[in-house]
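# Examination of the molecular architecture
One-letter residues, chain by chain:
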Amino acid sequence: MNPLEPRPIDLPATVELGPGADLSFLDDAKILGAPEDPAELPRWRARLAEWRYGAFERTRYDGAHYDEPGREWTQTAYSVALVWLWDDLLYNVETGRFTPEKFVEHGVAEFGGYDAIVLWHAYPVIGIDDRNQFDFYRDVPGLRTLVDDLHRLGLKVFFDYNPWDVGTRRAARSDADEFAALVTDYAVDGVFLDTLKEGDPAFSRAIRQANPAIALEGESRLPMARIGDHALSWAQWFADTHVPGVLRAHLFERRHMMHHTRRWNRDHSDELQSAWVNGVGMLVWESVFSAWVGWNARDRATLRRMVAAQRAFAPVLIGGDWIQLTPEIPEKARDHGVYGSRFDLADITFWTLINRDEEDFEGIVLRSEDQVGDWYDVTSGVPITADDDGVHLVVPGRGVAGIVRVGATAGASCRATARRLGTMPRAHVDESAFPMRPAWLVAVPSVSGEASIGPVVEVPAGDRTLTVKHRRRETGLYDTAPYVEEWKPLPPRLHDMRTVTREVSLPGISVAVAEVSNAEYSEFMQATGYRPLVANRFLKHWVDGAPVPGTEDQPVTYVDLPDARAYAAWRGGRLPTEDEWQIAAAVEGFVRREPLVWNLTESEYRDGRSRFCILKGGSHYLAEGSDWYADGGPQEPEVSFKLVLTGGGLDRSSSIGFRCAG
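Report on the accompanying structure.

Rules of the game
- In this convention, every chain numbers its residues from 1, walking through the sequence in written order.
- Reporting in this predicted model follows two pLDDT cut-offs: at least 70 for local features of residues, and 80 or more for side-chain atom pairs to be given and counted; totals over whole chains, interfaces and linings ignore these cut-offs and use all residues.
- Values shown for side chains rest on all heavy atoms present in the structure; no hydrogens or waters enter the calculation.
- In this analysis, strands are considered paired if DSSP registers two or more bridges between them.
- In this description a helix means any DSSP run of H or I spanning at least four residues, a strand means any run of E spanning at least two, and both kinds are numbered starting from the N terminus.
- Only the stretch in contact is used when fitting a helix axis, every axis being a line fitted to C-alpha atoms; angles between N-to-C directions are given from 0 to 180 degrees.
- Only heavy atoms matter for contacts: two residues are in contact if any of them lie within 4.5 Å across the pair.
- Here, nonpolar core means buried Ala, Val, Leu, Ile, Met, Phe, Trp, Tyr and Cys residues that are tied together by side-chain atoms lying within 4.5 Å of each other.
- Buried means the residue's accessible area, taken with a 1.4 Å probe over protein chains only, is under 20% of the maximum for its type, while exposed means over 50%, and partly exposed covers the values in between.
- Like-charged residues are merged into a patch within 9 Å and nonpolar side chains (Val, Leu, Ile, Met, Phe, Trp, Tyr) within 5 Å, provided each residue has over 30% relative accessible area and no salt bridge.
- The protein chains shown are the only cover counted for residues, whose accessible areas, like all others here, come from Shrake-Rupley with a 1.4 Å probe.
- The working definition used for a salt bridge is a side-chain nitrogen of Lys or Arg within 4 Å of a carboxyl oxygen of Asp or Glu.
- This count recognises Lys and Arg as positive and Asp and Glu as negative, with His and chain-terminal groups excluded.
- For this purpose, a charge sits on NZ of Lys, CZ of Arg, CG of Asp or CD of Glu.

Hydrogen bonds between backbone groups are what pair the strands of a sheet, and the pairing can be parallel or antiparallel. Taking strand neighbours around the barrel as the criterion, the eight strands line up as S2-S5-S6-S7-S8-S9-S11-S12 in a closed arrangement whose pairing is parallel. Shown here is a sheet whose adjacent strand axes are inclined to one another by a mean of 25°, direction ignored. Judged from the two bridges that link them, strand S11 (residues 257-261) and strand S12 (residues 281-284) form a sheet pairing that is parallel. Note on S12: the bridge partner recorded for His260 is Met282. Sheet strands touched by helix H4 (residues 143-152): strand S5 (116-120) and strand S6 (156-161). Its angle to S6, the strand with the most contacts, is close to 135°.

In structure tokens form, the structure reads like this:
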């Protein structure tokens, strides 16, 4: 398999144009591909209509799901952000508070604003201990307030459901009942079905009892039978024809919203153009589980233009007559790579045009027989007119353009909206370079010459070549995005073990032979009165502020990086770096306390959107039943685990401790 090429399942379906052709196989398509020859387009459109009516009969479709009061928002959710709950735009780790206004302001400035947000919460941390996916929501201080604030700021909120979470702590209730309780307690608007095309009927029933208007969004290709009860779906890794095809699920039910995404791409123009000509939305995902994949300036500008027009003319896109690949585009424009759709509702016509070529097209883009009315370019702000030659316009290379004609009988509000969009400042951005955002290592604290960290092993100064092993996951390692420009990563290239060689230069350092114990941390607490910024989960395993009798010599857990650093500083030391830990682990005398716990290291990285640190040593806990879980069990010293850091005290785990260096 070539990871840079679409798999057969991702490819667009070929629409058979011959009379009497069996079109039912298109029920399973992602995109209904378009023909290259313009002469075949009338028959192609006729076959699309024939397939659609046949699919109505095959599924006995009634569309009642989309009439449910309170669910109408899904039809106009043109821009959805998938965001790590602890993204630096959404959470300030220095203050321990959520910052929804900062996140929303960023979305408006860079992407034209969001209609909804998916609050991603557990993966890739889940499995580090026995907490289940519901714990990773319920343990978050202030989460309900965050949801309320996002609602106040105009966003709908999705929680995500991980069906593969079968090996962590089992709740007394079923997954369906647990998630239904989340829906009620946190006023959730939608459920994102991670790794699932469709929700289990029992799961769907339970959450709809909690909220009849709840919306389900599956990942990837939604089966025909579930369009009737899933208001949205995720168009992830959908390959298109050069002449843009039609999204099968949206053609079947125009009120069904789809969100295009290719998460690892540095060029999103293909998805943007498909969304534009189909009248659907986009998923914005800038940091994939701590791997930076931000959008280039050109694509951000394209989305800003798109969503402004889509929101303004949503009724036309949803309820208007849709002519796919409108024949009004002249040959010269089409030969350049200009294609588009036409949507008509009452006395409003909306053309959504795209340019497949890298170079701008300037010239006649439409030859419209009906030149009456007021014409507006609603994506660039350039005044336009229609005359006998047609409509003259610039369609940016790899970009989009939108034209609206408002007739004499259209309402004043429609005319005002078109006029407002048509007078926006021109925002043609050519910059398509990837916006690099390298992660930086937070400065390692210096060590005083009087560290008192107990028995130690010595790590001599010098240059070394270290072999590091890690499991290739979507997080990458350090600041690397592992699947750039690739199609869906699958085993064996997903979850496999990788080996890297690193050249390091280290100062001489002493590393404690064992992890800090409960008794030693208790001594620190009594001496300093230390209290963390956020107390949630701090020393959760202690009782009445003291270790449980019999556990004094066990490694202290339920501490995060600041808690560990505070103890080490009190001892006059610091945490060992990942390299120091790895080298020290090979020295005679280095031991592991029981039960075995992952060791924090002084290896915090930040990129302005996410934070992570490297864990060493493995632990006694091993979540089984899914490859998506965090690594567990004992590990060799060369194994590194990238722990994507959270907030609100959720980094504190029963399976993570630390030792000191000095």
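Next comes the rest of the description.
What follows is about the nonpolar core. Within soluble globular proteins, side chains that are nonpolar generally end up buried alongside one another. Counting 169 residues, the largest nonpolar core has Phe103, Leu119, Phe159, Phe179, Phe350, Tyr521 and Phe658 as the members making the most contacts within it. Counting residues per element, this core draws most heavily on helix H5 (residues 175-186), which supplies six residues. Discounting residues that sit within four places of it in the chain, Phe658 has contacts with Glu515, Val516, Tyr521, Val556, Val559, Ala564, Tyr567, Leu575 and Leu600. Grouped together as the second largest cluster of nonpolar side chains are 16 residues, Val338, Leu366, Ile384 and Leu393 included.

Turning our eyes to something else, we now look at a negative patch on the surface. Residues Glu358, Glu359, Asp360, Glu362, Asp430 and Glu431 make up a contiguous surface patch of negative charge. Looking at where Glu362 falls in the secondary structure, it is placed in strand S18 (residues 361-366).

Here three strands make up an open sheet; going across it, the order is S18-S21-S20 and the pairing antiparallel. Lying at the two open borders of the sheet, with one neighbouring strand each, are S18 and strand S20 (386-387). Bridge count between S18 and strand S21 (residues 390-395): five bridges; the pairing is antiparallel. The residue bridging Gly363 from the neighbouring strand is Leu393, located in S21.

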